[in-house]
Structure formats: structure tokens, C-alpha cells
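The lines below spell out each chain.
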Amino acid sequence: MYDLSLSETIVAVSTPPGCGGIGVVRLSGPAALKIARTLFRPKKDRRGGEPGRAVLGEVVDPADRRPFDEGFLLHFRAPRSFTGEDVAELHLHGSPVILEEVVRLAVRRGARPALPGEFTLRAFLNGRIDFLQAEAVDDLVRSASLARAKSAFRTVNGALSRKAAAVRREIIGWVARLEADIEFPEEGRPAAKKHYIDKIDKIYLEVDRLVRSYEMGQALGRGVTIALVGRVNSGKSTLFNGLLEEPRAIVTPFPGTTRDFLRETVRINDASFLLVDMAGLGRAGSPIEREGIRRGKKIAAEADGLLLLLDGSRRLSASDAALIESYRSRKIILVLNKTDLPEKTTPAEVTRRFPDLPVAAVSALRGDGLDVLRKMMYDVFFPLIPGRDIIVLRERDKLLLEEIAARLLRAKEMIASNQPIELAAEEAREIVTLTGRLTGEIRPDDILDDVFSRFCIGK
Ligand SMILES: Nc1nc2c(ncn2[C@@H]2O[C@H](COP(=O)(O)OP(=O)(O)OP(=O)(O)O)[C@@H](O)[C@H]2O)c(=O)[nH]1
Ligand SMILES: [Mg+2]
């Protein structure tokens, strides 16, 4: 679908659809500046300025030379531009009709409307950025949270690419040694074996950390889902409202108030949490309650984490304990609620019975302890990883990294069990190919469509 010859000049509106203070039409390709100059009349500097300097002027229809908007022309010379080609940008008023007219006139003068992501594709084809950076450009633009945007920006800047390149270099060095060993088998095998295994372990750690960072990237994007579970009347809806700081859910003294579930988002630090309030889990009195409980269990099963509420004004019951047991392998915080009432269950007692689970004591009604609970939620539920500055945001990349990790383990196994060294070498060469696919150095062409066609036009 894409023209890979780079001979054409492409044009698109690069700002979002709709009205705005400023709108930008961008051209890239050999004739970018020539075409832009036929549509633009500088006010002072007749030559149209130096690269990287904006020049004030008017856009004109070349047919009648009449101006219809004013703004700036900015240009960059190849290879010192985003795409690596000559680039011209017209910064005009953000009127869709004017911007579309400029695109139409540019097409008349020989430009071609750009396909989605084609500016970024050109940056890739011209070697300005690699695959990982190209994907991150799109992630940056689409980020739903600032934390994810910041992480995408670090990838655009090449942090992940450098890491991938370092892993690739390590593995290539390792393949070279393996091949030398195949050539001259008698030299120092036992030492070499330990050397290889240490090396694989080191590379594996790096790759595995990147694979795990994906989970965090996803959490940054869509938020972490937290289900509020507990028996009826334990105060789930009151806590839900307290964390949201608004009376969203209905609260009554009657057990079984919440039947269906409610979802709302709260932010804690840079993380977004999707809280789900639902029916109390316990014995159902009616078909409606039974359905509520069935749905509640399903939500709890799918959530990233659980807040399990206990009513501190009552004794810890057998059914509370059974509920805790059934969820104790999950990411969970026990919330001992109603601390404003005379205490029948103490935090110390809960900790004594469930020593491995974190406990927060709160009064959801009064708001006591909610700040401590928020901090705990961030620490327990947010999948923080060490060295969180490099995050894999794409599933494509995660899958490749997972395959690299699996092959590393297989190669290690082969070396450890003294299998013919050629087998490990074969595995290592496969890993080198996979790391090449990560950065796009080695690419099946259909992947271009897959990566770039999902971009917005003008990017
Ligand atoms: N004193 C006190 N009462 C509370 C507290 N939290 C909740 N309650 C009361 O407990 C009762 C039940 O609260 P809800 O928030 O509806 O409890 P729930 O767990 O959502 O109940 P269901 O939806 O029926 O499962 C209400 O009367 C609340 O006002 C608290 O921290 N202190
Ligand atoms: Mg409720």
C-alpha cells in the first residue's frame, strides 16, 4: 500500500481535525519547498527564509495570486528533518476549510495526499528512526496518561532502541565465540561453557525485564482494575464513594443495596485505577442477588487487584475468613472498615490470622485512613518494575522479546546439558534475527502496513 520509492512529495494536514487556533499543513519529499513556495508569499524575506526559521507571509491561490490566509512557512532541509527529506510546513489559522484548500492546491502542484503514518514511515525508510521509535511516535500521540506519554517519548528518543541494540551486540559477540569454538573445538571448552551460561543469564535478565515492563505499560495506558469485594453491608459502596470523593454509589443501612456493578476511574499519583463496586458476596436471598453475586465473582476473577472489605464493628466471621482464603493468592489489600465504631475486630487480629496480607484500617464514612489506603493501593497494585524508564508498549515487541527469552533459555539448556554446540549456535543466530526484527533492521514487508497503517494521517 505504501510507496517505498520516496520519489513523491507527500502532503497532509498534520493538526487534528476540527477548528483550532493554529493548523499545520506539512509537505515532505523532493519538491516540498518548491510546492510550498508557490502557495506562499513572504511579507519581507523574499527568498523564504533559512532552514528552521519561520517566515511570515500569506497563502495564495497560484491561479489568481489572491491571499486567503496568513501564517508562517517553516522548512527543513534533508537530511536534517523529521522525515530525513526536505520538509515544508505552513502554520496557518486552524480552519479546516483553509487547511484542506492548501492541501488541494499542493496536490494540484504535484504533491500526493499522505497515507496514515506516512511521514513517520519516511523517517524510518530514511534511517532517521527505527521501528521501535516509529511505533512510539504513534503511542506518544495516543497516550491516555502523562506517564505513558513520557515513557513513549523516551522510546522515541531511542532508549528502547539502544537497549535492543545492546542486547543484539551481546548476542552477536556470543555467536562469534560459539562459531570460533565450532572451528577450533579443542580449545578451552569447560571455561567456555561457564562463560556462555553467565552471558546468557545476563542477557536473559535484560530481556525478561523488558517483557515484564509491558504489563506496566498496559497499566499506564488503560489503568489498573480494582474490584471492591466483601460481604453485604461491609461498606464497599461507601468506600467507593470515599475514594472517588463523590457520592456516586447508593449507600443504605440495608444489606444487599448494590445489585449491579459500577465502574469509575480514580487517579493515584501517575496511575489510573478503575474501581468496581458490586454486590456483596455472601448467601443470596433472591434471584437478583444471586445474579449480582455471580457477576461480582466474575469481575473479581478478572480484576488486577482486590480491596476486600471487613466490617471492624463486627467479629471476623467464618464467611469473612472463607472469602479471604478464596482470594489470598491474588493481589489483595484487606480493608478493615468502620473504625469509627466500637472495635470488634482489630487490625492486629487480622494480621495475626493472615500475616502475609496487607491490612488498612479505615472509616470509609468519615474518610479516616483513606490516604494511607491510597498509598498502599499504589504500592500493591501498580505493577512497578525496577528501572521503569524503559517500557515496552507494543504487543508485537513483547511477543518478539518473549520469543527471544524462550530461545535464550533453550540455548542455555543445550549448553548446560553438553549438546552439540552447533545446536546452540543455531539458536543464537535465530535470536540475532529476532532482535533485528525488533528494530526493523530485518523486516518482512507486510509488517510495514501493519505498523504504519494504524497511525493518524499527517503523522
Ligand atoms: N459508622 C460507619 N458506618 C459505615 C462505614 N462505612 C459504611 N457504613 C455504613 O454501613 C452501611 C452499609 O454501607 P454500604 O456502603 O452500603 O455497604 P456495602 O458493602 O456497599 O453494602 P451492599 O451494597 O449491601 O453489599 C451504611 O449504613 C453505611 O453508612 C463506616 O466507615 N463507619
Ligand atoms: Mg453497596
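A quick note: this is a predicted structure, and the numbers were derived from the prediction, not measured.

Caption draft 1: Layout of the overall build of the chain. Regarding its fold elements, the chain presents 15 helices and 13 strands. Overall, the C-alpha framework of the chain stretches about 85 × 75 × 35 Å when taken along its three principal axes. Every one of the 459 residues in the chain was classed for burial, and the buried ones make up 50%. Summed over all atoms, the accessible surface of the chain reaches about 22200 Å², with 54% contributed by carbon and sulfur. Between the centroid of the 72 positive side chains of the chain and the centroid of its 65 negative side chains there is a distance of 4 Å.

Caption draft 2: Layout of the sheet that holds strand β1 (residues 10–13). Sheet architecture is open: seven strands sit in the order β3-β4-β5-β6-β2-β1-β7, paired in mixed fashion. Every interior strand has two partners, whereas the edge strands, β3 (40–42) and β7 (112–113), have only one. Along the sheet, helix α3 (residues 118–125) makes contact with β1, β2 (20–28) and β7, crossing β1 at roughly 140 degrees.

Caption draft 3: Quick peek at the sheet that holds strand β12 (residues 332–337). Strand order in the open sheet made by the six strands is β9-β10-β8-β11-β12-β13, with mixed pairing throughout. Of all strands in the sheet, those with a lone pairing partner are β9 (262–268) and β13 (359–361), marking the two edges. Between one strand and the next, the sheet's axes are offset by a mean angle of 25 degrees, whatever the strand orientation. Docked against the sheet, helix α10 (residues 318–327) engages β8 (224–230), β11 (305–311) and β12, running at close to 170 degrees with respect to β11. Strands in contact with helix α12 (residues 370–381) are β8, β9, β10 (271–277), β11, β12 and β13; relative to β12, the strand with the most contacts, it is inclined by about 165 degrees.

Caption draft 4: Here's a closer look at the pattern of salt bridges. In the structure shown here, the tally under the stated rule is 36 salt bridges. Across the salt bridge formed by glutamate 85 and arginine 122, the nearest N and O atoms sit 3.2 Å from each other. Of this pair, glutamate 85 sits in the loop between β5 (66–76) and β6 (87–94) while arginine 122 is found in helix α3, placing the two residues 37 residues apart along the sequence. The two residues glutamate 85 and arginine 122 agree in class, both being buried. Residue aspartate 311 pairs with lysine 338 through a salt bridge whose shortest N-O separation is 3.3 Å. With a gap of 27 residues between them, aspartate 311 in strand β11 and lysine 338 in the loop between β12 and α11 (347–353) connect regions that are remote in the sequence. Residue aspartate 311 shares its accessibility class with lysine 338, and that shared class is buried. Among the charged side chains, a network of salt bridges with common partners joins Asp260, Glu291, Arg294 and Arg295.

Caption draft 5: Quick look at the site of ligand 1. Taken together, 23 residues surround ligand 1, and among them Lys236, Thr238, Gly256, Thr257 and Asp340 come closest. In the environment of ligand 1, an oxygen atom lies 3.1 Å from a nitrogen or oxygen atom belonging to the side chain of asparagine 337. In the model, a nitrogen atom of ligand 1 is placed 2.8 Å from a nitrogen or oxygen of the aspartate 340 side chain. In the complex, 91% of the free accessible area of ligand 1, which totals 650 Å², lies under the protein chains. The leading source of residues in the shell around ligand 1 is helix α8 (residues 236–244), at three residues. Split into classes, the residues belonging to the shell around ligand 1 amount to eight nonpolar, twelve polar and three charged.

Caption draft 6: Broad picture of the coordination of the magnesium ion (ligand 2). Every protein donor of the magnesium ion (ligand 2) is accounted for by Ser237 (OG) and Thr258 (OG1), and the metal-donor separations fall at 2.0 Å. Taken as a pair, serine 237 in helix α8 and threonine 258 in the loop between α8 and β9 lie far apart in primary sequence, 21 residues in all. Just as serine 237 is buried, threonine 258 falls in that class too.

Caption draft 7: Seen up close, the environment of leucine 27. Among the structural elements, leucine 27 can be located in strand β2. Put simply, leucine 27 and alanine 88 are 61 residues apart on the chain and 5.2 Å apart in space, counted from C-alpha to C-alpha. The contact partners of leucine 27, leaving out residues within four places of it in the chain, are Thr9, Ile10, Val11, Ala32, Ile35, Ala36, Asp86, Val87, Ala88, Ala106, Ala111 and Phe119.

Caption draft 8: Here's a closer look at the packing of helix α6 (residues 159–183) against helix α14 (residues 421–439). Two elements in contact, α6 and α14, have axes separated by 9 Å at closest approach and are oriented at 155 degrees. By the criterion of interaxial angle, the relationship of α6 to α14 is roughly antiparallel. Our pair here, α6 against α14, has a crossing hand that is left-handed. Taking contact as the criterion, the partners of Ala164, Val167, Arg168, Ile171, Ile172, Trp174, Val175, Leu178, Glu179, Asp181 and Ile182 in α6 are, on α14, Ile421, Glu422, Ala424, Ala425, Ala428, Arg429, Ile431, Val432, Thr435, Gly436, Leu438 and Thr439. For the contact of α6 with α14, the class distribution of residues is 15 nonpolar, three polar and five charged.

Thresholds, definitions, all that
- Residues numbered from 1 in each chain as written.
- Chains lettered and ligands numbered in written order.
- Predicted model: local features only at pLDDT ≥ 70, side-chain atom pairs only at ≥ 80, totals over all residues.
- Heavy atoms only, no water.
- Helix = DSSP H or I, 4+ residues; strand = E, 2+ residues; numbered from the N terminus.
- Buried < 20%, exposed > 50% of the residue type's maximum accessible area, 1.4 Å probe, protein only.
- Areas by Shrake-Rupley, 256 points an atom, 1.4 Å probe, with all protein chains shown as cover.
- Lys, Arg positive; Asp, Glu negative; His and termini not counted.
- Charge placed at Lys NZ, Arg CZ, Asp CG, Glu CD.
- Pairing = 2+ DSSP bridges.
- Contact = heavy atoms within 4.5 Å.
- Axes fitted to C-alpha atoms, helices over the stretch in contact; angles between N-to-C directions.
- Salt bridge = Lys/Arg side-chain N within 4 Å of Asp/Glu carboxyl O.
- Near = heavy atom within 4 Å.
- Polar contact = N/O pair within 3.5 Å; in protein donor to acceptor, adjacent residues only side chain to side chain.
- Nonpolar A, V, L, I, M, F, W, Y, C, P; charged D, E, K, R; others polar.
- Donors = N, O, S within 2.8 Å, 3.2 Å for Na, K, Ca; no water.
- Parallel < 35°, antiparallel > 145°, perpendicular 65-115°, else oblique.
- Left-handed = near helix turned anticlockwise from the far one by under 90°.

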